[in-house]
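Results of the structural survey
Given next are the chains, with one letter for each unit.
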Amino acid sequence: MRKIPATIVTGFLGAGKTSLLRHLVTHAEGRRIALVINEFGELGIDRELLLGCGLTNCTDDDVVELANGCICCTVAEDFLPALEKLIDRPDPPDHILIETSGLALPKPLVQAFNWPEIKARVTVDGVIAVIDAMAVAEGRFAANTPALIHDNPFDEVFGDQLSCADLVVLNKTDLADRATLDIAEREIGSRLRAQARHVNASFGKVSPQILLGLSAAAEDDLATRPSFHDAAGEHDHDDFDSFVVALGSIADPGAFVAKLPTVIAMHDVLRVKGFLDVPGKDFRLVIQAVGPRIEQYFDRPWGAGERRQSRLVVIGAKGIDRDAITAAIRA
Ligand SMILES: [Zn+2]
């Protein structure tokens, strides 16, 4: 029996993993794709964004959300049961895509594919690391994170994601000139496995022919995928924090978005994302902030029975000032 290929998509907060997956699903060329989505933070934004694409080949059942912390820490409780459920379906998917949270370590997940129940039926086709080219070139791995200093927790997460990868997608290259790209390529190059390749992309647009069918069987060569956490044997995510800011409807989204960069810069916020309810608009407004860059677009109409509400997830380093940030966003 042919094993079902699974692709693990890793990458730091805001690197563009969800955009990459959206592009992949919309160009699946008849493949039945199932997605396992994992996020750091309390709101299932990424699952919502993927379902919001309104694809007919992407139904509710095909998108599984694992929200109980970082997927690398809940492999046995959450990930393996979810995976078994997918492959036990009467119509199992042709390919499984797994989006890890931006703070998750990919290696524990790859290791899980050696569990006997799984190993016989699924293989890791490839580990793909999505990287924000600008952020790397600027010496950060998400804009606004502390500059790249080895032995800091950001660096360890970033380093683990790169050193596990079969393919690196250097994303957001539309924002970078040649010199900037050279810097980014040098920075990641030193951290990649000898076998790893990289491709450039903007807006996560990479052909399925490049991303899928790598046939890496990553679970069989874990030794070539070193982790900062190999020696410790365990890890935690105590260096990071997240919370939700609930808001009323936002009458002037332009003014609302305009004040976000100041809040983000003042409080070293790594990531803000969520949805806004704009009165008079049938569609919900998506907000995605990575460092100083903020993206907004209307993605889908509010559902008939759906409560219109504005909610944002904020992620930062441990100890970010929740009350002050909430007050500033609400002001
Ligand atoms: Zn973990």
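The structure presented is a predicted model; accordingly, all values stated were derived computationally and were not measured.

Time to look at the sheet that holds strand β3 (residues 63-66). The seven strands lie next to each other as β3-β2-β4-β1-β5-β6-β7, forming an open sheet whose pairing is parallel. A strand with exactly one partner marks an edge of an open sheet, and here the two such strands are β3 and β7 (197-200). In this sheet, adjacent strand axes meet at a mean angle of 20 degrees when their direction is disregarded. In this sheet, strand β6 (residues 167-171) lies alongside strand β5 (residues 122-132) in parallel orientation, the contact comprising five bridges. Counted as the bridge partner of Ile128 is Leu167 from β6.

Glancing now at the coordination of the zinc ion. Taken together, the protein ligands of the zinc ion are Cys72 (SG), Cys73 (SG), His235 (NE2) and His237 (NE2), with distances of 2.1 to 2.3 Å. Coordination at the zinc ion comes from four donor atoms whose angles at the metal span 99 to 144 degrees, giving a geometry best classed as irregular. Between consecutive donor residues of the zinc ion, the sequence gaps follow C-C-x161-H-x1-H. With Cys72 in the loop between β3 and α3 (75-87) and His237 in the loop between α9 (208-211) and β8 (240-247), the pair connects residues that are 165 residues apart, well separated along the chain. Cys72 sits in the buried class, given a relative accessible area of 7%. For His237, a relative accessible area of 13% translates into the label buried.

Before going further, it helps to spend a moment on the packing of helix α10 (residues 253-266) against helix α11 (residues 322-330). The geometry of α10 relative to α11 is characterised by a closest axis approach of 9 Å and an angle of 155 degrees between their N-to-C directions. Between α10 and α11, the crossing angle belongs to the class labelled roughly antiparallel. Regarding α10 and α11, the two cross each other, and that crossing is right-handed. Counted together, Phe256, Lys259, Leu260 and Val263 of α10 and Ile325, Ala328, Ile329 and Arg330 of α11 form the full contact between these two elements. The residue makeup of the contact of α10 with α11, split by class, is six nonpolar, no polar and two charged.

Within the secondary structure layout, Ala165 lies in the loop between α7 (153-163) and β6. On the basis of relative accessible area, Ala165 is assigned to the buried category, the value being 0%. The spacing of Ala165 and Ile131 is 34 residues in sequence and 11 Å in space, taken between C-alpha atoms. With sequence-adjacent residues up to four places away left out, Ala165 is seen in contact with Val127, Ala129, Arg193, Ala196 and Arg225.

Here we come to the sheet that holds strand β11 (residues 293-301). Within the open sheet, the five strands sit side by side as β8-β12-β9-β10-β11. Their pairing is antiparallel. Edge strands, defined here as strands with exactly one partner in the open sheet, are β8 and β11. When strand polarity is set aside, the average angle formed by the axes of neighbouring strands in this sheet is 15 degrees. Against the sheet, α11 makes contact with β8, β9 (269-276) and β12 (310-317), and its axis sits at roughly 35 degrees relative to β8, the strand it touches most.

Tallied over the entire structure, the rule returns 18 salt bridges. Here Glu187 makes a salt bridge to Arg191, at a shortest N to O gap of 3.1 Å. Three or more residues joined by partner-sharing salt bridges are found here, namely Asp166, Arg193, Asp221 and Arg225.

For the rest of this paragraph, the subject is unusual backbone geometry. Of note, Glu29 is a non-glycine position whose phi angle comes to about 50 degrees, a positive value. Since its relative accessible area comes to 58%, Glu29 is described here as exposed.

Time to look at the side chain of Thr123. Mapped onto the elements of the fold, Thr123 is located in strand β5. Excluding residues within four positions of it along the chain, Thr123 makes contact with Lys3, Ile4, Pro5, Ala6, Ala217 and Glu219.

What follows deals with the confidence of the model for the chain. For the chain, per-residue confidence averages 87 on the pLDDT scale, and residues scoring 70 or more make up 92% of the total. Counting interchain partners and residues more than four positions distant, the pLDDT-below-50 stretch residues 142-150 has 32 contacts.

Turning our attention to the domain arrangement of the chain. Looking at the assigned domains, one finds that the chain contains domain 1 (4-224) and domain 2 (240-330). Between the C-alpha centres of domain 1 and domain 2 the distance comes to 24 Å. At the interface, 25 residues of domain 1 touch 28 residues of domain 2. Interface area for domain 1 against domain 2, summed over the two sides, is near 2200 Å², with a carbon-plus-sulfur share of 64%.

Quick look at the nonpolar core now. Counting residues in hydrophobic clusters, the biggest one holds 47 residues, and the most contacted among them are Phe79, Ile96, Ile98 and Phe113. When residues of this core are assigned to their parent elements, the largest contribution, seven residues, is made by α3. For this core, the two domains that each supply at least three residues are domain 1 (4-224) and domain 2 (240-330). Setting aside residues no more than four positions away along its own chain, Ile98 makes contact with Ala6, Thr7, Ile8, Val9, Val36, Ile71, Phe79, Leu109 and Phe113.

Conventions we followed
- Residues numbered from 1 in each chain as written.
- Predicted model: local features only at pLDDT ≥ 70, side-chain atom pairs only at ≥ 80, totals over all residues.
- Heavy atoms only, no water.
- Pairing = 2+ DSSP bridges.
- Helix = DSSP H or I, 4+ residues; strand = E, 2+ residues; numbered from the N terminus.
- Axes fitted to C-alpha atoms, helices over the stretch in contact; angles between N-to-C directions.
- Donors = N, O, S within 2.8 Å, 3.2 Å for Na, K, Ca; no water.
- Tetrahedral: all angles 85-135°; square planar, octahedral: opposite > 155°, others 65-115°.
- Buried < 20%, exposed > 50% of the residue type's maximum accessible area, 1.4 Å probe, protein only.
- Parallel < 35°, antiparallel > 145°, perpendicular 65-115°, else oblique.
- Left-handed = near helix turned anticlockwise from the far one by under 90°.
- Contact = heavy atoms within 4.5 Å.
- Nonpolar A, V, L, I, M, F, W, Y, C, P; charged D, E, K, R; others polar.
- Salt bridge = Lys/Arg side-chain N within 4 Å of Asp/Glu carboxyl O.
- pLDDT = per-residue confidence, 0-100.
- Domains from an automatic or database assignment.
- Buried area = accessible area lost by both parts, 1.4 Å probe.
- Core = buried A, V, L, I, M, F, W, Y, C linked by side-chain atoms within 4.5 Å.

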